[in-house]
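Coordinate analysis (summary)
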Amino acid sequence: QVQPVESGGGSVQAGGSLRLSCAAAESNESCLAWFRQAPGKEREGVARIYATGTTKYVDSVQGRFTISRDFARNTVYLQMNSLSPEDTAMYYCALSRYRFCELSSFADTFYWGQGTQVTVSS
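For clarity, every value in this text was computed on a predicted model and none was experimentally measured. (Residues numbered from 1 in each chain as written. Predicted model: local features only at pLDDT ≥ 70, side-chain atom pairs only at ≥ 80, totals over all residues. Heavy atoms only, no water.)

Let's talk about the pairing of strand E4 (residues 32–37)
Burial runs high along E4: 5 of the 6 residues are buried. As consecutive antiparallel partners, E4 and strand E5 (residues 44–49) are separated by 6 residues, and within that stretch glycine 40 has a phi angle of approximately 80 degrees, a positive value. Note: E4 against strand E9 (residues 89–96), 6 bridges, orientation antiparallel. Within E9, the position partnered with arginine 36 by the bridge is tyrosine 91. (Buried < 20%, exposed > 50% of the residue type's maximum accessible area, 1.4 Å probe, protein only. Helix = DSSP H or I, 4+ residues; strand = E, 2+ residues; numbered from the N terminus. Pairing = 2+ DSSP bridges.)

What follows is the structure, encoded as structure tokens:
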């Protein structure tokens, strides 16, 4: 079973930056995505990237977050800049079972990581 492993979460003040990493074995052909879930809220798709490099972001992070991938390391990154308290959530890396995916794809079409906490203080 291929389960992604996230790292890089932590606490930061508003306006700061963090970079999340996710090691996902056998992922080079697949879509990779980041999701997040804040307390009391539903899980939200944040960004996804195809093997071709095509990306998509949820509107609330457009221009602040950047998703990228390193094929040599089977790793996907989420660079998060200009963080605000509204970005506080558990962030999950998701490896799609398919080449293509969307932020609205069904949860069972992904392999999920355990999550990494991001906390932004004002």
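Still to come is the rest of the account.
A short note on the packing of aromatic side chains
According to the stated counting rule, one finds 4 aromatic pairs in the structure shown. A centroid spacing of 5.4 Å and a plane angle of 70 degrees characterise the contact between phenylalanine 35 and phenylalanine 110, whose relative ring orientation is edge-to-face. Taken as a pair, phenylalanine 35 in strand E4 and phenylalanine 110 in strand E10 (residues 110–112) lie far apart in primary sequence, 75 residues in all. Comparing phenylalanine 35 with phenylalanine 110 shows no difference in burial state: the two are buried. Three or more aromatic residues joined by ring pairs make a cluster, and in this case those are Phe35, Phe110 and Trp112. One Lys or Arg, arginine 43, reaches over the ring of phenylalanine 35 and ends 6.0 Å from the middle of that ring. Positioned above the aromatic ring of tyrosine 111 is the side chain of arginine 97, whose terminal nitrogen or guanidinium carbon lies 4.4 Å from the ring centre. (Phe/Tyr/Trp six-rings, centres within 6.5 Å; stacked < 30°, edge-to-face > 60°. Lys NZ or Arg CZ within 6 Å of the ring centre and 35° of its normal.)

Interpretation note: all reported values are geometric properties and have no functional meaning in isolation.
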